[in-house]
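Okay, here's what each chain looks like letter by letter:
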Amino acid sequence: MTKKIIVLNGSPRPKGNTAALAEEFSKGAREAGCEVTSFLLDKMDIHGCKGCFGGGKNAAHPCVQRDDMEKIYPVYKDADLVVLASPLYYWNFSGQLRTAFDRLFAVAECDANYQNPVKEAVLLMAAEGFGFDDALTYYENLMKHLGWKDRGHVLAGGVMKVGDVSGHKELKEAYELGKAVAKGNGL
């Protein structure tokens, strides 16, 4: 069975360091036989969650809002693994990633008990500095709350300008993690 992977890239830079990590991960996953679909969230029209609890009435359109999340929902529902890719902004995920992830709650609303679909997950992050602790804590708590299986993470610090990650070991780590998750492993 081919593993299906969705990459939610929360970076505003289509050719930035986060994108490079996501591309290497995707390359490794594809070479290992996975199907990978990526979304560059910054280039999409995604509105913030309204907290209306009005979703979940229509599985084909989980949220009452009609925006580009309509492109993400079917891929997310079919995915075995979710890649959360983001630059480190104020010690956490970017607003683009947080906004899209908040909106995935509409899929949980389709379940009578508000259960999120069970997934595996990977975290890819790039940052000017190396202060990933708070983002990792958030990610670990998110995995615990959702009941998802963490398959690993790659954190590339010291990369601010576009292209700074070039030549860093984290690119190879992302590629290897992509290959590993196809086999049900992680780093």
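Residues numbered from 1 in each chain as written. Predicted model: local features only at pLDDT ≥ 70, side-chain atom pairs only at ≥ 80, totals over all residues. Heavy atoms only, no water.

Asks: What exactly am I supposed to notice about the packing of helix α1 (residues 17-31) against helix α6 (residues 169-182) here?
Replies: A pair of packed helices is characterised by two quantities: the angle between their axes and the separation of those axes. At a closest axis distance of 7 Å, the pairing of α1 and α6 adopts a crossing angle of 35°. In this structure, α1 meets α6 at a crossing whose hand is right-handed. For the pair formed by α1 and α6, the contact residues are A20, L21, E24, F25, K27, G28, A29 and E31 on the first element and E170, L171, A174, Y175, L177, G178, K179 and V181 on the second. When the residues that make up the contact of α1 with α6 are grouped by side-chain class, the tally is nine nonpolar, two polar and five charged. (Axes fitted to C-alpha atoms, helices over the stretch in contact; angles between N-to-C directions. Helix = DSSP H or I, 4+ residues; strand = E, 2+ residues; numbered from the N terminus. Left-handed = near helix turned anticlockwise from the far one by under 90°. Contact = heavy atoms within 4.5 Å. Nonpolar A, V, L, I, M, F, W, Y, C, P; charged D, E, K, R; others polar.)

Asks: Help me understand the environment of K71 in this model?
Replies: One can find K71 in helix α2 (residues 69-78). Sequence separation of K71 and K57 is 14 residues, and the distance between their C-alpha atoms is 18 Å. Setting aside chain neighbours within four positions, we find K71 in contact with F39 and M44.

Asks: Explanation requested: helix α5 (residues 133-146) in the structure shown.
Replies: Helical periodicity: at 3.6 residues per turn, an α-helix aligns residues three or four positions apart in one direction. Its 14 residues place the ends of α5 20 Å apart at the C-alpha level, agreeing with the 20 Å of an ideal helix rising 1.5 Å per residue. Residues A135, L136, Y139, L142, M143 and L146 constitute the buried set of α5. Within α5, the buried residues cover an arc of 125° as seen down the axis, which keeps them to one side. The exposed residues of α5 that point more than 90 degrees off its buried face are D133, K144 and H145. Residues of α5 that are buried make contact with β3 (81-87), α3 (95-103), β4 (120-126) and β5 (149-156). One or two residues past the end of α5 sits G147, with phi positive at roughly 75°. (Expected span 1.5 Å × (residues − 1). Buried < 20%, exposed > 50% of the residue type's maximum accessible area, 1.4 Å probe, protein only. Arc of directions from axis to C-beta.)

Asks: Please clarify how the pattern of salt bridges should be interpreted in this entry.
Replies: Any two side chains of opposite charge can pair if their charged atoms end up close together. Overall, the coordinates contain nine salt bridges when judged by the stated rule. A salt bridge links D42 to K43, with the nearest nitrogen and oxygen atoms 4.0 Å apart. Look at D42 and you get partly exposed, because its relative accessible area is 30%. Among the ionic pairs, E176 bridges to K172, the shortest N-O distance being 3.0 Å. One end of the pair is E176 and the other is K172, both in helix α6 and four residues apart, which spans about a single turn. (Salt bridge = Lys/Arg side-chain N within 4 Å of Asp/Glu carboxyl O.)

Asks: Would you mind showing me how to read a nonpolar patch on the surface here?
Replies: Together, F53, F105 and Y114 line one region of the surface with nonpolar side chains, adding up to about 310 Å² of accessible area. Within the secondary structure, Y114 sits in the loop between α4 (105-108) and β4. (Patch = residues over 30% accessible without salt bridge, like charges linked within 9 Å, V, L, I, M, F, W, Y side chains within 5 Å. Areas by Shrake-Rupley, 256 points an atom, 1.4 Å probe, with all protein chains shown as cover.)

Asks: Teacher, can you tell me more about the packing of aromatic side chains here?
Replies: By convention here, two paired aromatic rings are described through the distance between centres and the angle between planes. The final tally for this structure, using the stated rule, is seven aromatic pairs. Centroid distance F53 to F105: 5.8 Å. Interplanar angle 85°. Geometry classified as edge-to-face. With F53 in the loop between β2 (35-40) and α2 and F105 in helix α4, this residue pair connects regions lying 52 residues apart in the sequence. Pairing Y76 with W148 gives two aromatic rings, centres 6.4 Å apart and planes at 40°, and the pair type is tilted. With Y76 in helix α2 and W148 in the loop between α5 and β5, the pair connects residues that are 72 residues apart, well separated along the chain. Its guanidinium or amino end placed over the ring of Y76, K119 lies 5.1 Å from that ring's centre, counting from NZ or CZ. (Phe/Tyr/Trp six-rings, centres within 6.5 Å; stacked < 30°, edge-to-face > 60°. Lys NZ or Arg CZ within 6 Å of the ring centre and 35° of its normal.)

By themselves these figures say nothing about function.
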